[in-house]
Amino acid sequence: MNKKAFNPFEMAQRQLDDAAAVLQLDPAVHELLRWPLRELHVTLPVKMDDGTTRIFHGFRVQYNDARGPNKGGIRFHSGETVDLVRALAAWMTWKCAVVDIPLGGGKGGIICDPKSLSAGELERLSRAYIRQVGRILGLEKDVPAPDVYTTPQIMAWMMDEYAFMQGYNEYGMITGKPLALGGSAGRGDATARGGMYCLREAAKALNLELKGATAAIQGYGNAGSFAHKLGVELFGLKVVAVSDSRGGIYNPDGLDFAKVSAHKAKTGSVIDFPGSKCISNEDLLELDVTVLIPAALENAINEDNADRVRARIIVELANGPTTPEADQILHDKGSYVIPDFLCNAGGVTVSYFEMVQNAYDYYWEECVVHERLEKKMTSAFWAVHNAAQQHRVHNRLGAYLVAVNRVAEAVRLRGWA
Ligand code: GLU
């Protein structure tokens, strides 16, 4: 599957098909789980700062709510397509099931280049999205959150717009909110932290020392930058390369988190960080490191480059970074992949904690969030690891076996198929 032919939704369906075959899933349950239950396509007129009106397009896909309300982020990206949002909504369904939280899967997106929009334009775009999509959202129906290029501030605007539509405040309709508006302690770094707990368990399974182990991180948004911070803080990883959409930096002696993030805050990118060599996003994936952390976008590791990936453990903080062809190549080579919807489930797990706290309007201390997150991630990790070992399949298929089984059970018990 080369880059041109890449269709993320077909990829998600193929992954499910492989799991259905191993599970000998009932054909009707299988067919139901291959498709989103419903989706909304919206057109959004937005007043721009120069007085003109621009028309944007967006989506919300509700993939499957057999186990609970749909849950999943909203992305602002110029490359957004409905098939991408469908795939991401499917992965959210498996993600919530694999960590065993009572939520289904959804995803939203707006086709836009957020970097070219002013704060006022972003606010008006966010509110316009909720005016159209708000009718299918709600804490009992579908609960969005941040994702690629969306932030706690954007969640706050969306929550506020929804409050105007309803006529009352409903914090639990969206997560990843600022702390001052019903956010949860520990939500900021939750995706990376959950991935780090998985990495710790994977290192145990492989009998591998993490202290001083080299790591490379593709992507320096919320997940990638916190992975840098926590990887150093928790395990003493030596992060030798990081990148963002503009390129990467490499220093064999290790990159300092505080200095790199200050440089990015000042210049808008990690590139040109003093004392480092520049490196492309492609080359970063092929570095001779122990730990590789794809934390950017889908389709980073595919059949074109998988055989050149040298890392021992791949910590998938991005959604969909590895194609099915690459999965097989990596498995045959003996790389240990911590699959995306397990590895990055820390974000939605703390989102779920946020919904719970909003529901009883009583807020937990950060240490409580960390402890509960650690428990969820650790037991999900071993459920997946053991399923993969037992069925002699790669870890992604192991994760699918655990997750699909749980969703299929809910579908059957409801009498849907
Ligand atoms: N966007 C994140 C994800 O892909 C978080 C979703 C959520 O918190 O609902 O997992």
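Read on for an overview of the structure.

Criteria and thresholds
Residues numbered from 1 in each chain as written. Predicted model: local features only at pLDDT ≥ 70, side-chain atom pairs only at ≥ 80, totals over all residues. Heavy atoms only, no water. Core = buried A, V, L, I, M, F, W, Y, C linked by side-chain atoms within 4.5 Å. Buried < 20%, exposed > 50% of the residue type's maximum accessible area, 1.4 Å probe, protein only. Helix = DSSP H or I, 4+ residues; strand = E, 2+ residues; numbered from the N terminus. Pairing = 2+ DSSP bridges. Axes fitted to C-alpha atoms, helices over the stretch in contact; angles between N-to-C directions. Contact = heavy atoms within 4.5 Å. 1 Å grid on protein atoms, 1.4 Å probe; cavity = no way out; pocket = protein on both sides within 12 Å on 5 of 7 lines; lining within 4 Å. Points joined across faces, edges and corners; volume = space filled by probe spheres on them. Near = heavy atom within 4 Å. Polar contact = N/O pair within 3.5 Å; in protein donor to acceptor, adjacent residues only side chain to side chain. Areas by Shrake-Rupley, 256 points an atom, 1.4 Å probe, with all protein chains shown as cover. Nonpolar A, V, L, I, M, F, W, Y, C, P; charged D, E, K, R; others polar.

## Examining the nonpolar core
The nonpolar side chains of a soluble globular protein tend to be buried with one another. One finds Leu-33, Trp-94, Leu-199 and Ile-338 to be the most contacted residues of the largest nonpolar core, which totals 93 residues. With 13 residues, helix α3 (residues 82–98) is the largest single contributor of residues to this core. In this structure, Leu-125, Ile-130, Met-158 and Met-173 belong to the second largest nonpolar core, which totals 25 residues.

## Describing the sheet that holds strand β11 (residues 291–294)
Reading across the sheet, the seven strands line up as β10-β9-β8-β7-β11-β12-β13 and stay open at both edges, with mixed pairing between neighbours. Taken across any chain shown, the strands that pair with only one partner, and hence form the sheet edges, are β10 (277–279) and β13 (336–338). Ignoring strand direction, the axes of neighbouring strands in this sheet form an average angle of 20 degrees. Sheet topology places strand β12 (residues 313–315) next to β13; three bridges connect them, and they run parallel. If you follow Ile-313 over to β13, its bridge partner there is Tyr-336.

## Remarks on the sheet that holds strand β5 (residues 105–111)
Reading across the sheet, the four strands line up as β1-β2-β5-β4 and stay open at both edges, with mixed pairing between neighbours. Two strands in the sheet have a free side with no partner beyond their single neighbour: β1 (38–47) and β4 (74–77). Neighbour-to-neighbour, the strand axes of the sheet open up by a mean angle of 20 degrees, direction not taken into account. Pairing between strand β2 (residues 53–64) and β5: seven bridges, direction antiparallel. Its bridge partner lying in β5, Arg-60 is registered against Gly-108. The sheet contacts of helix α4 (residues 119–133) involve β1, β2, β4 and β5, and relative to β1 the element is tilted by about 140 degrees.

## Topic: the layout of surface pockets
Quantified by volume, the second largest pocket comes out at close to 230 Å³. Lining the second largest pocket are 16 residues, and of these His-331, Ser-335, Tyr-336, His-394 and Asn-395 sit closest to its centre. Every element with two or more residues in the lining of the second largest pocket is listed here: α10 (324–333), β13, α13 (366–391) and α14 (395–414). With three residues, the single largest contributor to the lining of the second largest pocket is α13.

## Section: the site of the ligand
The immediate surroundings of the ligand are formed by 14 residues, with Lys-71, Lys-95, Pro-146, Asp-147 and Ser-351 found nearest. Within the side chain of Asn-319, one N or O atom sits 3.1 Å away from an oxygen atom of the ligand. Between the ligand and the protein, one listed contact pairs an oxygen atom with a side-chain N or O atom of Ser-351 at 2.5 Å. Protein contacts shield 94% of the accessible area of the ligand, which totals 290 Å² for the unbound molecule. Of all the secondary structure elements, the ones that give two or more residues to the shell around the ligand are α3 and α12 (346–360). The element best represented in the shell around the ligand is α12, accounting for three residues. When its residues are assigned to classes, the shell around the ligand shows four nonpolar, five polar and five charged.

## Some words on the pairing of β11
Here β11 shows no split at all, with Val-291 and Ile-293 on one side and Leu-292 and Pro-294 on the other all buried. Where strand β7 (residues 214–218) and β11 come together, four bridges link them in parallel fashion. Within β11, the position partnered with Ala-216 by the bridge is Leu-292. Of the pairings in the sheet, the one linking β11 to β12 comprises two bridges and is parallel in character. In the strand pairing of β12, Val-291 is matched with Ile-313.

## Structural notes on unusual backbone geometry
Phi at Asn-299 takes a positive value of approximately 60 degrees, unusual for a residue other than glycine. Along the chain, Asn-299 falls in the loop between β11 and β12.

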